[in-house]
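Residues per chain are reported as follows:
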Amino acid sequence: MSNADTTPIAPEPLARQRIIQYLSAPGAAIGMTLLVVIVLLAVFAPLISPQNPYDLMQLDIMDGRLPPGSESYSGMPYYLGTDNQGRDILSGILYGLRTSLIVGVFSAIAAALIGTTLGLLAAYVGGRTESLLMRLVDLQLSFPTILMALMMLAVLGKGVQNVVIALIIAEWATYARTVRGTALVEREKEYIEAARCLRLPRWRIVFRHLLPNCLAPVIVIATMQVARAIGLEATLSFLGLGASVTEPSLGMLISNGYQYLLSGYYWISFFPGIALLVTIVAINLAGDRLRDILNPRNI
Amino acid sequence: MITSLIRRSIQALFVILAMTLIVFIGVSVIGNPVDILINPDANAAERTRVIAHYGLDQPLWRQYAIFLQGLLHGDFGDSFVYGRPALGLILERMPATLELAFSALVIALVVGLPLGLYAGLYPDRLSSRVIMSGSILGFSLPTFWVGLMFILVFAVELGWLPSNGRGDTAELFGVRWSFLTGDGMRHLLLPALNLALFKTSLVLRLTRAGVQEVLPQDYIKFARAKGLRESRVISVHVLKNLMIPVVTIIGLEFGSLIAFSVVTESIFAWPGMGKLIIDSINLLDRPVIVAYLMMMVLLFVALNFLIDICYTLLDPRVRMDGRA
Amino acid sequence: MPLLDVQSLVTEFPGAPGGPGNRAVNEVSFAVERGKVLGLVGESGSGKSVTGFSIMGLVDRPGRVTGGRILFDGQDLASLSGEEMRQLRGRRIAMVFQDPMMTLNPVLTIGTQMTEAITAHEKVSRAESRARARDALGQVGIPSPEERLSAYPHEFSGGMRQRVAIAIALLHNPDLIIADEPTTALDVTIQSQIISEFQRLAETHNTAVIWITHDLAIVSRLADDIAVMYSGRLVETGPVSDVLTDPRHPYTAGLIGSVPSQNTRGTRLRQIPGMTPSLGRLPSGCAFRTRCDRATEACATVPPPETHEGARGFRCIHPVHPELLTQ
Ligand SMILES: Nc1ncnc2c1ncn2[C@@H]1O[C@H](COP(=O)(O)OP(=O)(O)OP(=O)(O)O)[C@@H](O)[C@H]1O
Ligand code: SF4
Ligand SMILES: [Mg+2]
């Protein structure tokens, strides 16, 4: 535009603008705050939790199934009660959060890496590779995650590591499809054309030009995926396919409480469930807003 | 139409074949087939007999052929736990799962569609915001935990509803169903609600998104410009366009409901396939696992096939050129 | 009394949060008599379609009419209830939309979309409404209309779809038709056919037409009056013959200068320099001043008021006068 004296509004730095915009929605601010608190709690769990719930020496079976607010023999308060093995629920939750977050974040990142790489590959190489990869993606996406996960666990056997592997295998396809879609659109744009004309090497076009533009959708999916992975890990642990009994994750704690629910020992399942819920809600709130702002299509 | 049907059938066959290959690779190559196919309690003579029976001494491609042959005859081997054909076990429990999944689907649609429509049509109303926040909660609530809370509240504290089993059943078409008896209905209610929770949120959000995509379209404005009543604009012009995504949801989510019923069935001791498969994974009852996986593959392929056909019937554009 | 009398119409879309709204239509006034055709011209984004939608009461949310009055047949449209407005739409005021590819619902047959337009306003049998739909299709030159009734929009070309939309608009012999670039998608012969149809309609049924277009040639052929829009404002109005031969506003002059037939062969087409400013950041004073070769300091102070000159009106403080130019 050539109109000289339209006073341009001094633009804020884009990143800052984005952050302000992001936090201006109450849901996102709440979600973000909760998330920070949760992550801090999980990281510093060994420092703040009253006991080490994985150390069987610290557990006293005599303290089993104490209601919230009771005290142990040694006078230590059990704010949220204890489980059947005398494990402090609060400590169990703090440690369980660690497991949940690690499993969720790790599987989401790994799936994002694999999926993004394959999606870019498909979009850039095209031809047979592309159609083969995309067939695989379609095939996989036509089965629900939990079924894929069960399938993997049936083959690999139980255990946390296998749950992570199952989650990665169950989720990579979402990224691959989205990244390929975005990359296909980007590929047609002028700047890629320009990069081609300059005879830049292929990898450079892919990583310096295609990849950055596919990042927004990947970030959004990854956020949501962390929440899903945490939920799924808890579900699988609840079904007895995940974490071991001696190092319970949130799902496992809830599962432990299941047997005692009918007898009225509600707290063993209730509080870990709340922790799980708050974590997932926080991530979803934060992610929902992220989606609105980054506004990637085809999700 | 006929040619596209044939083409799709062939595609479906390929998918099934691909999945058999994946399951076969999973069971025979990644896992240890001897462990997987032979009951750990079996004695040496039994082992050699089974190894010979399944051809585990044969090259891989022959093993695959044998595996396929078994599939064709519906022979997945006998359950280690029950000592009966695995397929029979699965089929026996299928109606319970189908009943649960179908009930949940109905709940999800009956609740999710109207709420989503409302939230899409009046996005600025407070009630719509409440609905949407509720749906985030519905997405975030871990199903199994909600199931436990249902039991805690409705079964333990209030004592209104039973928390396990199918209750009384009555026979229809030679199969026993819970929903035909009052007691069965009472047993069905909590598990169905539990299973429906996540899908209700999903249906709600997808419906809202669909409405918001259709509403700004020129053809909706043009329908109004013709002087149509708002009721007709919504019930015909908006809804007809929504039918396409909704049918997809119904199809795909029904399959996913069956898969997810694994969780709900475990909580409410609902005697369906899902509970069986979890027990089987825990007990390493592999013939049952394989049979379950293959049944699910079949089911999903069949569902996708049905969705495709519905698409063709619903969307005139697809009808013409044979693809979306 | 004119059939349609638009007075100082303002239609706004919310701008940046907290800031003022964007006025897509800004203090627009014009009138259309029964049986007359008004050509509404202007560049892309000048607010022509939004003017049309404002009259129909169909401005996209969150935009809305925030000022002025629209009198139709003496009645203030703002005073009508939703139901009364609905009864007016399609029956007494019809509109043909700009993009024929998007106007028809892809999942309903042409027949359904036509008959529903009839039954929305009249109690008629299915058979009769179908018969009328068929006749209307024939009227706009669609071959074998009976069969086409059961076809879906995607089976039609863009031009055919536009003719269907026109047929729908004509179904109730409305008093006013707002035709938003109705012939842009059509080839030349069909175009003249449609234009003749509209002319006939204006004459025989005494229908008033607002013809929105970029094409001054069509306006000169079809319209009685012309209204030129720029950045939401009407910058010049008046009888077509006067305005096109002797424009007052530099923008109108520029538009005429860029029409091929107006130029002597061999000379270059004169283009109006620059681009339409976006609504959010209009220059102060006269919105056209950044592109105007007659602009002075004075043009930057306030938006030029309307100057009247007989039946004509324009908003410019240094109007074009050919007798001055030749000196
Ligand atoms: N739904 C909407 N939301 C926000 N702004 C809008 C909307 N519709 C129109 N506008 C704004 O109103 C202005 C006028 O648009 P309008 O469609 O009336 O232009 P037009 O004169 O019809 O142009 P064209 O010749 O391209 O059809 C544009 O600047 C546009 O940005
Ligand atoms: S008012 Fe000034 S800037 Fe605007 S059109 Fe007239 S001469 Fe040009
Ligand atoms: Mg327009």
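Procedures and definitions
Residues numbered from 1 in each chain as written. Chains lettered and ligands numbered in written order. Predicted model: local features only at pLDDT ≥ 70, side-chain atom pairs only at ≥ 80, totals over all residues. Heavy atoms only, no water. Salt bridge = Lys/Arg side-chain N within 4 Å of Asp/Glu carboxyl O. Helix = DSSP H or I, 4+ residues; strand = E, 2+ residues; numbered from the N terminus. Buried < 20%, exposed > 50% of the residue type's maximum accessible area, 1.4 Å probe, protein only. Phe/Tyr/Trp six-rings, centres within 6.5 Å; stacked < 30°, edge-to-face > 60°. Lys NZ or Arg CZ within 6 Å of the ring centre and 35° of its normal. Contact = heavy atoms within 4.5 Å. Buried area = accessible area lost by both parts, 1.4 Å probe. Polar contact = N/O pair within 3.5 Å; in protein donor to acceptor, adjacent residues only side chain to side chain. UniProt positions renumbered as here; feature names shortened; annotations may be inferred. Domains from an automatic or database assignment. Axes fitted to C-alpha atoms, helices over the stretch in contact; angles between N-to-C directions. Parallel < 35°, antiparallel > 145°, perpendicular 65-115°, else oblique. Nonpolar A, V, L, I, M, F, W, Y, C, P; charged D, E, K, R; others polar. Expected span 1.5 Å × (residues − 1). Pairing = 2+ DSSP bridges. Left-handed = near helix turned anticlockwise from the far one by under 90°.

All names here are of chain C. For the structure shown, the criterion picks out 22 salt bridges over all chains. The partner of Asp73 in a salt bridge is Arg92, with the nearest N and O atoms 2.7 Å apart. Here Asp73, found in the loop between β4 (64-72) and β5 (75-76), pairs with Arg92, found in the loop between α2 (82-88) and β6 (93-96); they are 19 residues apart in sequence, far enough to count as distant. According to the relative accessible area criterion, Asp73 is partly exposed, its value standing at 30%. Of the residues examined, Arg92 reaches a relative accessible area of 19% and is grouped as buried. Among the ionic pairs, Glu146 bridges to Arg134, the shortest N-O distance being 3.0 Å. Taken as a pair, Glu146 in helix α6 (residues 145-148) and Arg134 in helix α5 (residues 126-139) lie far apart in primary sequence, 12 residues in all. On the accessibility criterion, Glu146 (41% relative accessible area) is partly exposed.

Under the definition given, this model contains 12 aromatic pairs over all chains. A connected cluster of aromatic rings, assembled from ring pairs, spans Phe270 and Phe271 of chain A together with Trp145 of chain B. A cation over a ring is seen here: Arg98 of chain A above Tyr95 of chain A, with NZ or CZ 6.0 Å from the ring centre. One Lys or Arg, Arg148 of chain C, reaches over the ring of Phe156 of chain C and ends 4.3 Å from the middle of that ring.

This paragraph deals with the interface of chain A and chain B. Buried accessible area, meaning the area lost when the parts come together, often serves as the stated size of an interface. Contacts between the two partners involve 36 residues from chain A and, on the opposite side, 42 residues from chain B. Each partner contributes to the roughly 3,400 Å² buried at the junction of chain A and chain B, and carbon and sulfur atoms together form 82% of this total. Our enumeration of links across chain A and chain B arrives at 0 salt bridges. The interface formed by chain A and chain B holds 1 residue pair in polar contact (both at pLDDT 80 or more) in total. Every element with two or more residues in the side of chain A that touches chain B is listed here: α6 (145-156), α9 (202-238), α10 (250-261) and α11 (267-294) of chain A.

On to the UniProt feature "transmembrane region" (unreviewed entry) in chain B, then. Residues and elements named next belong to chain B. When the UniProt feature table is mapped to this numbering, "transmembrane region" (unreviewed entry) covers residues 12-31, 100-122, 134-156, 242-269 and 289-314. Spanning residues 100-122, this segment combines 96% helix with 0% strand, and its end C-alpha atoms are found 33 Å apart. As annotated, residues 242-269 comprises 96% helix and 0% strand, and the C-alpha atoms at either end are separated by 37 Å.

Once that is clear, we can look at the domain arrangement of chain B. Residues and elements named next belong to chain B. Here chain B is described as being made up of domain 1 (2-72) and domain 2 (89-314). The centre of domain 1, based on its C-alpha atoms, is set 33 Å off from the matching centre of domain 2. Roughly 1,100 Å² of surface becomes buried between domain 1 and domain 2 when both sides are summed, with 84% attributable to carbon and sulfur atoms. Inspection of the domain 1/domain 2 interface yields 0 salt bridges. The tally of links from domain 1 across to domain 2 stands at 0 residue pairs in polar contact (both at pLDDT 80 or more). At the level of secondary structure, the elements contributing two or more residues to the side of domain 1 that touches domain 2 comprise α1 (2-30), α2 (33-37) and α4 (60-72).

On to the packing of helix α10 (residues 230-268) of chain B against helix α11 (residues 273-283) of chain B, then. Residues and elements named next belong to chain B. Closest axis-to-axis distance for the α10/α11 pair is 7 Å, and the angle between their directions is 75°. In terms of orientation, α10 and α11 fall into the roughly perpendicular class. Along the contact surface, α10 presents Ile258, Val262, Glu265 and Ser266, while α11 presents Met273, Gly274, Lys275, Ile277 and Ile278. Considering only residue class, the contact of α10 with α11 consists of 5 nonpolar, 2 polar and 2 charged.

Residues and elements named next belong to chain A. For α6, spanning 12 residues, the distance from its first C-alpha to its last is 16 Å, which sits close to the expected 16 Å at 1.5 Å a residue. By the burial criterion, the buried members of α6 are Thr145, Ile146, Leu147, Met148, Ala149, Leu150, Met151, Met152, Leu153, Ala154 and Val155. In the segment just after α6, Gly157 is the residue with positive phi, at about 95°.

Attention shifts here to the sheet that holds strand β2 (residues 22-32) of chain C. Residues and elements named next belong to chain C. Taken in spatial order, the 4 strands of this open sheet run β2-β1-β4-β5, and their pairing is antiparallel. Each end of this open sheet is capped by a strand with a single partner; those strands are β2 and β5. Where β4 meets β5, 2 bridges bridge the pair, whose relative direction is antiparallel. By the bridge assignment for β5, Phe72 is matched with Gln75.

The subject of this paragraph is the environment of Ile6 of chain B. Residue and element names in this part refer to chain B. One can find Ile6 in helix α1. For Ile6, a relative accessible area of 47% puts it in the partly exposed group. It is 24 Å that separates the C-alpha atoms of Ile6 and Ile250, two residues lying 244 residues apart in sequence.

As for its placement among the helices and strands, Thr182 of chain A is situated in helix α7 (residues 160-187). A polar side-chain atom of Thr182 of chain A sits 2.8 Å from the main-chain carbonyl oxygen of Thr178 of chain A.

Residue and element names in this part refer to chain B. Remark: helix α9 (residues 218-225) packs on α10, axes separated minimally by 10 Å, with the N-to-C direction vectors making an angle of 155°. As judged from the angle between their axes, α9 and α10 are roughly antiparallel. Our pair here, α9 against α10, has a crossing hand that is right-handed. On the side of α9, the interface is formed by Tyr219, Ile220, Ala223 and Arg224, while α10 contributes Glu230, Val233, His237, Val238 and Asn241. Residues that form the contact of α9 with α10 fall into these classes: 5 nonpolar, 2 polar and 2 charged.

This part is about the interface of chain B and chain C. Opposite the 23 residues of chain B that make contact, chain C presents 30 residues. Buried area between chain B and chain C, summed over both chains or domains, comes out near 2,500 Å², and the portion from carbon and sulfur atoms is 60%. Interface area lost by chain B to chain C is led by Lys221, Phe222 and Lys226 of chain B, which between them contribute 28%. Applying the counting criterion to the chain B and chain C interface returns 3 salt bridges.

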